[in-house]
Amino acid sequence: MVGGTDDSRQANDLDYDNLTMAFVGDFVMGDQLITFGIEREEQSTFNMFVQHSLGGEWDFYSFDNFLNGIVDRVYYGNNPSLNPADAGATWEYDITTLFAQSEWRVSDKLDVTYGLRYEKYGVDGAPYENPAFTGAYGRPNTHTHDGETVLMPRISFSLDLNDSTEIYGGIGKFSGGNPNVWYSNIWSNDGVSNIQLSLRNVDMFATPMCDGRTGLPSTQGPGYGVPCSLVNDVVNGSTAGGTNSIDPSFEIPSVTKSAIGVIKTFDIGSPGYFYISDVVLTADYIKATADNSAQIRSIGSTYTGTYDFAGLPIYNDNGRQDFELGNSLLDGKSDSYSISLSKQFENVYLTLGYASIDTTEVSPMTSAVAYSNFTNIASNDPNNPPLANSNYNIPKRFTGTLRWTPDVFSGLRTKVSLYWTHQKGRPYSYSMDRFTHGLNPSFNDFYLLYIPESATDSNVEFGSSFPVDDFFAWADARGLERGSFVPRNSQDSSWFSKLDLKVSQELPSFRDGDYLELYAVVRNLTNLLDDKKGVFKEASFPRRQNVVRAVYNDDGKYEYQRFYGSDDSTLVNRPSQYLIKVGFEYKF
């Protein structure tokens, strides 16, 4: 149970100025069109994101503790001035890009495009140095990605084999798209201007409370006031709070993509019998390989050099929540295949498609917050997770389109479109609650679930009230292998199907050359027709479900204390609802 104002909405403000300049030129050299240029983007950002600064966050790990007023953990954070705006961070960065590209008409059947793109990052200034961080790790928290570069060569081609067949493809390196907040966290979470602290096992009825914005004693109680000791520690500049940093060896993430595809027009059947002409087949394969993938590590968590019976490393933790943006030791990849058929009849257009993708990753990097990026993963080695099925992988998807353009009103277009989707759900993992293996107790629910060989597995102890038979019945019903961990993201959310409808009608416009259209859209028509259909279910964020509460006890065994079971795929409201939208579009 969690009490108090939402932890991430207690002090928020984001303002930025962006300036983009570009010089682009091109010239013709023989059969080639050469394009070249330079771009520069400059951005200044003020980011105030101060969690727990208004009324804190109050966590109760059991209902009994809630009734008795025993708070398992209470969080509070602010600037020593108690003004959250002073914890806001202003940082400036720029990207300078040089590029050159050639579009080469090799022949009347072959086109080749090749080029090079170079990007250099600049960062103005550095975050405040936290002496406690420097003392703990022997280096400051002031490193930025200033001066980092990435070079991206690319080449592609398009070949007309004949009048009915085109083959195309290419290979290239790409970068960008990483949220700037991953970089700006080192300013807004330096442990000096923004100090985040917590207390454990607090008797909220007996603990003096203070106003988190003034520091004055408060009688308003938990959720409005926070423990005075936390407020005083923040005012006095405590260095016990966590710090975000960037690994000095960090490199800009990138991905290399290679692709090959074909478009083929063909006929089905024979004239005079069953015959369909000009069917278009499109097939694509894309392979992507990541390089220098981003990952967050807890640098206060280090290996002890000892391992449990399954080979999992035991950690030593210094108690600080210091998170560092770095590169993963391994890099993910993806293989995607797609195929579609389309046909334009006189006033009907049909498509049918299928796509399959297999993607692996080290970290899903689900969040803007470093703590969440570290903890929102299922892994038996949180600082160096192995490659696993991606959180975002949708392994199979079928699609279809039916578009009908009847001649209802002469000279005015009428269009009725149906869009069909049928897809397999995203994957998720089974995990163990409260299992830390020496990590900070805050990092306690991402270890993968271990299925004992039997009730007498020598490496596992079951608590006196643990329902052993129910647990094994649950595991066997899902076909989970005994004597092993359930692999990360090896479970799949439910399949989902829906139909969307759009009807549009062109109307006479007020002037020649203008265009007026009235339209109606029904998203999830399936659910409108039958409220038991078009229902979207999947494992909830962060695609990880605690099945048991477990600890690693002093005897070196996994001690199972409580069995939760699993919700597996649960209802997600918004995509399960139908929506009707009526509007118009006027172009002039």
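Residues numbered from 1 in each chain as written. Predicted model: local features only at pLDDT ≥ 70, side-chain atom pairs only at ≥ 80, totals over all residues. Heavy atoms only, no water.

Draft legend 1. How the structure looks around the overall build of the protein. Helix and strand counts for the protein stand at 8 helices and 38 strands. Taking the principal axes of its C-alpha atoms as reference, the protein extends roughly 85 × 60 × 55 Å. Out of the 588 residues in the protein, the part that is buried amounts to 43%. Looking at the protein alone, contacts between residues at least 24 apart form 72% of all its contacts between residues at least 6 apart. Per element, the accessible surface of the protein, about 29,300 Å² overall, is 54% carbon and sulfur. The positive charge centre, built from 45 side chains, and the negative charge centre, built from 73, are 6 Å apart in the protein. (Helix = DSSP H or I, 4+ residues; strand = E, 2+ residues; numbered from the N terminus. Buried < 20%, exposed > 50% of the residue type's maximum accessible area, 1.4 Å probe, protein only. Contact = heavy atoms within 4.5 Å. Areas by Shrake-Rupley, 256 points an atom, 1.4 Å probe, with all protein chains shown as cover. Lys, Arg positive; Asp, Glu negative; His and termini not counted. Charge placed at Lys NZ, Arg CZ, Asp CG, Glu CD.)

Draft legend 2. The nonpolar core, seen in detail. Of all hydrophobic cores here, the largest spans 52 residues; its most connected members are Leu325, Met432, Leu449, Phe471, Val548, Tyr558 and Tyr560. If you tally residues by element for this core, the top one is helix 6 (residues 468-477), at 5 residues. Apart from the residues lying within four places of it in its own chain, the contact partners of Met432 are Asn444, Asp445, Phe446, Tyr447, Leu448, Leu449, Tyr450, Asn546, Val548, Ala550, Tyr558 and Tyr560. Core analysis: the second largest hydrophobic core is formed by 17 residues, Leu82, Leu197, Met204 and Val231 among them. (Core = buried A, V, L, I, M, F, W, Y, C linked by side-chain atoms within 4.5 Å.)

Draft legend 3. Summary view of the pairing of strand 21 (residues 333-344). Here strand 16 (residues 275-291) pairs with strand 21 via 10 bridges, running antiparallel. Paired with Ala288 across the strands is Ser334, a residue of strand 21. Taken together, the 11 bridges between strand 21 and strand 22 (residues 348-361) define a ladder with antiparallel strand orientation. Its bridge partner lying in strand 22, Leu341 is registered against Leu352. In sequence, strand 21 turns back onto strand 22 through a hairpin of 3 residues. (Pairing = 2+ DSSP bridges.)

Draft legend 4. Spotlight on the sheet that holds strand 17 (residues 294-298). Read from one edge of the open sheet, 3 strands run 14-20-17, paired in mixed fashion. The sheet is open, and its two edges are formed by strand 14 (244-246) and strand 17, each paired on a single side. Averaged over all pairs of adjacent strands, the angle between strand axes in this sheet comes to 30 degrees, irrespective of strand direction. Two elements, strand 14 and strand 20 (residues 323-327), share 3 bridges in a ladder whose sense is parallel. Counterpart to Asn244 in the pairing with strand 20 is Phe323. Sheet contacts for helix 3 (residues 181-188): strand 14, strand 17 and strand 20; angle to strand 14, the most-contacted strand, approximately 125 degrees. (Axes fitted to C-alpha atoms, helices over the stretch in contact; angles between N-to-C directions.)

Draft legend 5. Local environment of the packing of aromatic side chains. Here the structure, examined in full by the defined rule, presents 39 aromatic pairs. Aromatic side chains Tyr450 and Tyr558 sit 5.8 Å apart centroid to centroid with 90 degrees between the ring planes, which places their arrangement in the edge-to-face category. Separated by 108 residues along the polypeptide, Tyr450 in strand 28 (residues 450-451) and Tyr558 in strand 36 (residues 558-563) bring together distant segments of the chain. Both residues of the pair, Tyr450 and Tyr558, belong to the buried class. Here the aromatic rings of Phe466 and Tyr560 are separated by 5.9 Å at their centres, their planes lie at 55 degrees, and the arrangement is tilted. One end of the pair, Phe466, is in the loop between strand 29 (460-462) and helix 6; the other, Tyr560, is in strand 36, and 94 residues separate them in sequence. Here Phe466 and Tyr560 have matching classes, each one buried. Within the aromatic cluster, the residues linked to one another by ring pairs are Phe309, Phe323, Tyr371, Phe374, Phe435, Phe446, Tyr447, Tyr450, Phe485, Tyr552 and Tyr558. Lying over the aromatic face of Phe174, Lys257 brings its terminal NZ or CZ to 5.9 Å of the ring centre. Over the ring of Tyr519 we find Lys502, and its NZ or CZ is 5.5 Å from the ring centre. (Phe/Tyr/Trp six-rings, centres within 6.5 Å; stacked < 30°, edge-to-face > 60°. Lys NZ or Arg CZ within 6 Å of the ring centre and 35° of its normal.)

Draft legend 6. How the structure looks around the state of the cysteines. If you walk through the whole model with that rule in mind, you get 1 disulfide. Residue Cys210 pairs covalently with Cys228 via a disulfide, S to S 2.0 Å. Where Cys210 bonds to Cys228 through sulfur, the torsion about that S-S bond is close to 95 degrees, and the disulfide is right-handed. Linking Cys210 in strand 11 (residues 209-211) with Cys228 in helix 4 (residues 228-235), this pair joins segments that are 18 residues apart in sequence. (Disulfide = S-S within 2.5 Å.)

Draft legend 7. How the structure looks around the pattern of salt bridges. Applying the stated criterion to the full structure yields 22 salt bridges. Between Lys587 and Glu585 there is a salt bridge, with its nearest N and O atoms 3.6 Å apart. The exposure class of Lys587 is partly exposed, given its relative accessible area of 47%. Here the residues in one salt-bridge network are Glu39, Arg117 and Glu119, joined through shared partners. (Salt bridge = Lys/Arg side-chain N within 4 Å of Asp/Glu carboxyl O.)

Draft legend 8. Structural view of the sheet that holds strand 13 (residues 225-227). Reading across from one edge, 12-11-13 is the order of the 3 strands in this open sheet, with antiparallel pairing throughout. This sheet does not close on itself; its edge strands, each paired only once, are strand 12 (217-218) and strand 13.

Draft legend 9. Highlighting unusual backbone geometry. Each neighbour pair has its own omega, and for Phe541 with Pro542 the value is 5 degrees, a cis peptide bond. With respect to the helices, strands and loops of the structure, Pro542 is situated in the loop between strand 34 (537-538) and strand 35 (544-552). Its identity is not glycine, yet Asn201 carries a phi of approximately 55 degrees, on the positive side. Structurally, Asn201 is set in strand 10 (residues 195-203). Here Asn292, not a glycine, exhibits a phi torsion of approximately 60 degrees, which is positive.

Draft legend 10. Representation of the side chain of Asp308. Within the fold, Asp308 resides in the loop between strand 18 (301-307) and strand 19 (313-317). An unpaired buried charge is present at Asp308: no salt bridge exists, and Lys557, the closest side chain of opposite charge, is 14 Å distant. In terms of polar contacts, Asp308 uses its side chain to reach the backbone amide nitrogen of Ala310, at 2.8 Å. A distance of 2.4 Å separates polar atoms of two side chains, one belonging to Asp308 and the other to Tyr558. If we skip the residues at most four places from it in the chain, Asp308 touches Ile314, His437, Tyr552 and Tyr558. (Polar contact = N/O pair within 3.5 Å; in protein donor to acceptor, adjacent residues only side chain to side chain.)

Draft legend 11. Spatial organisation of helix 4. Looking only at helix 4, the buried set comprises Cys228, Leu230, Val231 and Val234. Taken around the axis of helix 4, the buried residues stretch over an arc of 160 degrees, which confines them to a single face. Against the buried residues of helix 4 lie strand 5 (70-78), strand 10, strand 11 and strand 13. Phi turns positive one or two residues past the end of helix 4, at Gly237, with a value near 75 degrees. (Arc of directions from axis to C-beta.)

Draft legend 12. Focus on the side chain of Asp514. Tracing the backbone shows Asp514 in the loop between strand 32 (496-507) and strand 33 (515-523). One polar contact links Asp514 to Arg511, side chain to side chain, over a distance of 3.0 Å. A distance of 2.5 Å separates a polar atom in the side chain of Asp514 from a polar atom in the side chain of Tyr586. Not counting residues up to four positions away in its chain, the partners in contact with Asp514 are Ser509, Tyr586, Lys587 and Phe588.

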